[in-house]
Protein chains: 2
Amino acid sequence: MATIKDIAKACHVSPSTVSKALNGYADVGQQTIERIRETARKMNYRPDPAARMLKTNSSHNIGIVFEDETMCGLTHEFFSHVLNSAKNTLEAHGYDITFISSKIGGNSFLDHCRYRKVDGVLIASVDFHNEQVVELVKSEIPNVTIDYVFDSHSCVMSDNVQGAYDLVKYLFEMGHRRIGVIHGERTSVTVKRLSGFYKACRDFNITIPEKYIMESRYHDIDRTSACAEKLLDMEERPTAIMFPDDYSAIGCRTLFERRNLRIPEDISITGYDGLPLSQATRPRLTTMHQDAEGIGQKAAEKLVEIIESRQKEIVEEIIIKPNLYPGETVRRME
Amino acid sequence: MATIKDIAKACHVSPSTVSKALNGYADVGQQTIERIRETARKMNYRPDPAARMLKTNSSHNIGIVFEDETMCGLTHEFFSHVLNSAKNTLEAHGYDITFISSKIGGNSFLDHCRYRKVDGVLIASVDFHNEQVVELVKSEIPNVTIDYVFDSHSCVMSDNVQGAYDLVKYLFEMGHRRIGVIHGERTSVTVKRLSGFYKACRDFNITIPEKYIMESRYHDIDRTSACAEKLLDMEERPTAIMFPDDYSAIGCRTLFERRNLRIPEDISITGYDGLPLSQATRPRLTTMHQDAEGIGQKAAEKLVEIIESRQKEIVEEIIIKPNLYPGETVRRME
DNA sequence: TGAAAGTGCGAAAACGATTTCGAGTCTTCG
DNA sequence: CGAAGACTCGAAATCGTTTTCGCACTTTCA
């Protein structure tokens, strides 16, 4: 690889001048700049990231914190889409990504970030009350969170209040009044969806018995299935069940089948996420589509903006609206 | 962060000695070594990766090349499992991972690898005839390929010959004689599966008309669906159709439904991969399960072994056997 | 006993960039 | 005409390691 010295020699200037020409310093002559830039291009020069990192403490590398309770990591149906889109966006800006784990470079996320000198970090799908995460968010490292708001920090959110609201509204319009809800663990996302749910119930004058609301975990078919079973066992069972996510909704169909319940004739169900898969399986799932690609891209762009403007102050809360996929798993009640 | 100099001062030795003590050089006294190691531990010292990288040209970083024809990247249902498992294994060995793209650090995979000074690279799910890939495999960078063998290079393979063979065998035993095949693009994996398929046909004395074998692409529901449609339109249609992968098999169920064909009563189908999802949807898909986690882990371990033993010569072809998930999408013919 | 071999350590030169500071030349203006 | 300022540029220090080489001292053995 060509180094800065090679270019210096070729242009009959000093390495300092080359560096300055390449980094846009003001004290270099106009023709010199052009000459240097030209030969750098010709020699296919790229600054050595190690050297630059050593000197400037920045790596052109973005950390990704991405752990969920079920530890499914990269295989997470929804977040893999967010991640993939963020990755593509970051690459387009010349950033590589590094997965942040608390087991490398120290004992915490922050240690790992400092160790690898990431320029910024994207935080998604974790327990935002985790003290390691809080420490990272409050650190000197620029960060953008996904689906959680910290005070005076930028984040990208899916509008979960509206999403849950619209889903209930749809069920209401289809004639459902007895609606069961199985929700995920009590994350901020869950809280928002529940608030949307309750708001809709008030607006449409639906009264939901306490026992219709059950807590499970996202992405956990076994546990969610157990909740669904309890709902089905009630003497006055719900006519529709809202699942925490598409994956568990699809996974729970085993249960209905075992009980000879047809969907949607005997029981209506809804998911959440709008995975491609939810529309590929039969009957098509009624679900709330979240724009995973949009979320990933916006988050990445925001982070790059913060990093390159060198001011952590541009705080913005970007909200992405979900939209309903009507599907075929909700029956119209007469 | 504590540097090597801080430790040198604390131990009243020179930085050189500290470095040597930490890196296991022989010319340091036994007590000196212990003293240095102890204070390094106490001061929570970690070598600066940038400095180390600059000097040694190695980054404790593993590159991942992972692009498929449909460009679904991280969202690929099967490979995300392979990847996730590889990632976990590599992290346990202290390696970070970096996705290799041809758009960063130059114009090719190799450029990017050199730019980031990755210690090794894991190559999966790409077009192995791509000249960029070939260049990378033949380069000085240690690498392990997944599902493709290069001469005198290590790789981890799923036994695709056997897998396809066993799938046909199962269909045969269930009484099927007219078996349609929709296979993926002509990668080495496809070639192996086809050879397993033909071998089984010979062994069981099944004659398959030419037109029953159709080429589609992996993971491409639209295209595969079109192939399936042609098979269904034949005057003597197959009684069973083998799909290239679970995802497209599940996706194509829209087609059967549209034609009022019940699975498996009217038509039998099989997938390939054995994704969790294939067993969560109804009816459970009959498919060949590949141990994605095992593949990822083995590949990672092999790569680490090659890197740390510093000899590229330990060539090994690790073969992972798939196993049949009988499922419920194949009908027993009378 | 003297040379050879073995031990333990440090000085210093890298690796490839960035950045400060000063120096030299040229213009400008009182 | 001389001083001040603008404009270009380079020397050198620095980031935190690794690694070579040489030096001093001790042990071994003919």
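Not measured: the values here are computed from a predicted model.

1. Examining the overall build of chain A
Next, step 1: What chain A contains, in helices and strands, is 14 helices and twelve strands.
Next, step 2: Computed over C-alpha atoms, the radius of gyration of chain A comes to 25 Å, more than 25% over the 20 Å expected from 2.2 N^0.38 for 334 residues, which places it beyond the range of a compact globule.
Next, step 3: Dimensions along the principal axes, computed over C-alpha positions, put chain A at roughly 90 × 35 × 35 Å.
Next, step 4: When each of the 334 residues of chain A is scored for burial, the buried share is 47%.

2. Let's talk about the sheet that holds strand 5 (residues 155–158) of chain A
All names here are of chain A.
Next, step 1: Ordered in space as 2-1-3-4-5-11, the six strands form an open sheet in which the pairing is parallel. Here the strands that pair on one side only, and so sit at the sheet edges, are strand 2 (96–99) and strand 11 (317–320). Strand after strand, the sheet turns through a mean of 20 degrees between neighbouring axes, direction not considered.
Next, step 2: Of the strand pairs in this sheet, strand 5 and strand 11 are connected by four bridges, and their pairing is parallel. Looking across to strand 11, one finds that Cys-155 is bridged to Glu-317.
Next, step 3: In this fold helix 6 (residues 109–116) packs onto strand 1 (61–66), strand 2 and strand 3 (120–124), with an angle of close to 165 degrees to the strand it touches most, strand 1.

3. Here's the deal with unusual backbone geometry
Next, step 1: Here the residue pair A:Arg282 and A:Pro283 is connected by a cis peptide bond, since its omega of -20 degrees sits within 30 degrees of zero.
Next, step 2: Tracing the backbone through its elements, the reader meets A:Pro283 in the loop between helix 13 (276–280) and strand 10 (287–289).
Next, step 3: Residue B:Pro264 is bonded to the preceding B:Ile263 through a cis peptide linkage, with omega at 5 degrees.
Next, step 4: Looking at where B:Pro264 falls in the secondary structure, it is placed in the loop between helix 12 (253–258) and strand 9 (268–270).
Next, step 5: The residue A:Asn205 is not glycine, and still its phi comes out positive at about 60 degrees.
Next, step 6: In this structure, A:Asn205 sits in the loop between helix 9 (188–204) and strand 7 (213–215).

4. Concerning the protein's contact with DNA strand D
Next, step 1: The local shell around DNA strand D holds 26 residues, among which A:Ser16, A:Asp27, A:Gly29, B:Ile4 and B:Ser16 are the closest.
Next, step 2: Contributions of two or more residues to the surface near DNA strand D are made by helix 2 (15–22), helix 3 (30–42) and helix 4 (49–56) of chain A together with helix 2 (15–22) and helix 4 (49–56) of chain B.
Next, step 3: A breakdown of the residues in the surface near DNA strand D according to their chemical character gives nine nonpolar, eleven polar and six charged.

5. As for the interface of chain B and chain A
Next, step 1: At the interface, 38 residues of chain B touch 38 residues of chain A.
Next, step 2: Secondary-structure elements contributing two or more residues to the side of chain B that touches chain A are helix 4, helix 5 (79–92), strand 2 (96–99), helix 6 (109–116), helix 11 (246–251), helix 12 and helix 13 (276–280) of chain B.
Next, step 3: Here the side of chain B that touches chain A takes six residues from helix 5 of chain B, the largest share from any one element.
Next, step 4: Its residues assigned to classes, the side of chain B that touches chain A comprises 15 nonpolar, 13 polar and ten charged.

6. Some points on helix 3 of chain A
Next, step 1: With 13 residues, helix 3 of chain A extends 19 Å between its outermost C-alpha atoms, agreeing within 8% with the 18 Å of an ideal straight helix rising 1.5 Å per residue.
Next, step 2: A positive phi of about 60 degrees marks A:Asn44, the residue just after helix 3 of chain A.

7. Regarding the environment of B:Glu173
Next, step 1: In this structure, B:Glu173 sits in helix 8 (residues 160–173).
Next, step 2: Expressed as a C-alpha distance, the spacing of B:Glu173 and B:Met157, which sit 16 residues apart in the sequence, is 27 Å.

8. Points about the relation of the copies chain B and chain A
Next, step 1: Each copy superposes on the other: chain B lies on chain A with an RMSD of 0.2 Å after a rotation of 180 degrees and an axial shift of 0.0 Å. Both chain copies can therefore be described as sitting about a two-fold axis. The C-alpha atom lying nearest the rotation axis in chain B is that of B:Ala50; the distance is 2.4 Å.
Next, step 2: Of all interface residues in chain B, 100% are interface residues in chain A too; the two copies therefore contact each other through one and the same surface.

9. What about the protein's contact with DNA strand C?
Next, step 1: Near DNA strand C you find 25 residues, and of these A:Thr3, A:Ser16, A:Ser19, A:Ala51 and B:Gly29 are the closest.
Next, step 2: The set of elements that each furnish at least two residues to the surface near DNA strand C consists of helix 2 and helix 4 of chain A together with helix 2 and helix 4 of chain B.
Next, step 3: Here the residues of the surface near DNA strand C sort into nine nonpolar, ten polar and six charged.

10. Here's the deal with the sheet that holds strand 4 (residues 143–146) of chain B
Adjacent strands of a sheet pair through backbone hydrogen bonds, lying either parallel or antiparallel.
All names here are of chain B.
Next, step 1: Pairing is parallel in the open sheet, where six strands are placed in the order 2-1-3-4-5-11. Every interior strand has two partners, whereas the edge strands, strand 2 and strand 11 (317–320), have only one. When the angles between neighbouring strand axes are averaged without regard to direction, this sheet yields 20 degrees.
Next, step 2: Bridge analysis of strand 1 (residues 61–66) against strand 2 gives four bridges, and the strand direction is parallel. Along strand 2, the bridge assignment pairs Asn-61 with Asp-96.

11. Section: the nonpolar core
Next, step 1: Counting 84 residues, the largest nonpolar core has A:Val65, A:Leu122 and B:Leu122 as the members making the most contacts within it.
Next, step 2: If sequence neighbours within four positions are ignored, A:Leu122 has contacts with A:Ile62, A:Ile64, A:Ala86, A:Val144, A:Ile146, A:Ala299, A:Ala300 and A:Leu303.

12. Notes on the packing of helix 8 of chain B against helix 9 (residues 188–203) of chain B
Residues and elements named next belong to chain B.
Next, step 1: Interaxial distance between helix 8 and helix 9 falls to 7 Å at its minimum, and their mutual angle equals 40 degrees. Overall, the two elements helix 8 and helix 9 adopt an arrangement that is oblique. Regarding helix 8 and helix 9, the two cross each other, and that crossing is right-handed. Contacts between helix 8 and helix 9 involve Asn-160, Val-161, Gln-162, Gly-163, Ala-164, Tyr-165, Val-168 and Lys-169 from the first element and Val-189, Lys-192, Arg-193, Ser-195, Gly-196, Phe-197, Lys-199, Ala-200 and Cys-201 from the second.
Next, step 2: Here the contact of helix 8 with helix 9 is composed, by residue class, of eight nonpolar, five polar and four charged.

13. Regarding the pairing of strand 4 of chain B
Residues and elements named next belong to chain B.
Next, step 1: The side-chain alternation of strand 4 yields two buried faces, one formed by Asn-143 and Thr-145 and the other by Val-144 and Ile-146.
Next, step 2: Strand direction decides the pairing type here: strand 3 (residues 120–124) and strand 4, joined by four bridges, are parallel. Bridged to Leu-122 within strand 4 is Val-144.
Next, step 3: With respect to chirality, the unit in which strand 3 leads through helix 7 (residues 131–137) into the neighbouring parallel strand 4 is right-handed.
Next, step 4: Sheet topology places strand 4 next to strand 5 (residues 155–158); two bridges connect them, and they run parallel. By the bridge assignment, Thr-145 is partnered in strand 5 with Cys-155.

14. Focus: the environment of A:Phe197
All names here are of chain A.
Next, step 1: Inspection of the secondary structure assignment puts Phe-197 in helix 9.
Next, step 2: On the basis of neighbour counts, which here come to 23 C-beta atoms within 10 Å, the residue Phe-197 falls in the buried class.
Next, step 3: Measuring from C-alpha to C-alpha, the distance between Phe-197 and Tyr-45 comes to 57 Å, with 152 residues separating the pair along the chain.
Next, step 4: When residues no more than four places from it in sequence are discounted, the contact partners of Phe-197 are Ala-164, Val-168 and Val-181.

15. Here's the deal with helix 10 (residues 221–233) of chain A
Next, step 1: Taking 1.5 Å of rise per residue, the 13 residues of helix 10 of chain A would be expected to cover 18 Å, and the 18 Å separating its terminal C-alpha atoms lies within 8% of that figure.
Next, step 2: When we look at burial in helix 10 of chain A, the residues that qualify are A:Ile221, A:Arg223, A:Thr224, A:Cys227 and A:Ala228.
Next, step 3: In this structure, the buried side of helix 10 of chain A is in contact with strand 6 (179–183), strand 7, strand 8 (240–242), helix 11 (246–251) and helix 12 (253–258) of chain A together with helix 13 of chain B.

What counts and how
Residues numbered from 1 in each chain as written. Chains lettered and ligands numbered in written order. Predicted model: local features only at pLDDT ≥ 70, side-chain atom pairs only at ≥ 80, totals over all residues. Helix = DSSP H or I, 4+ residues; strand = E, 2+ residues; numbered from the N terminus. Rg over C-alpha atoms; globule rule 2.2 N^0.38 Å. Buried ≥ 20, exposed ≤ 12 C-beta atoms within 10 Å, placed from the backbone. Pairing = 2+ DSSP bridges. Axes fitted to C-alpha atoms, helices over the stretch in contact; angles between N-to-C directions. Contact = placed C-beta atoms within 7 Å. Near = placed C-beta within 6 Å. Nonpolar A, V, L, I, M, F, W, Y, C, P; charged D, E, K, R; others polar. Expected span 1.5 Å × (residues − 1). Least-squares fit on C-alpha atoms with pLDDT ≥ 70 in both. Core = buried A, V, L, I, M, F, W, Y, C linked by C-beta atoms within 7 Å. Parallel < 35°, antiparallel > 145°, perpendicular 65-115°, else oblique. Left-handed = near helix turned anticlockwise from the far one by under 90°. Right-handed = clockwise from strand over helix to strand, strands pointing away.

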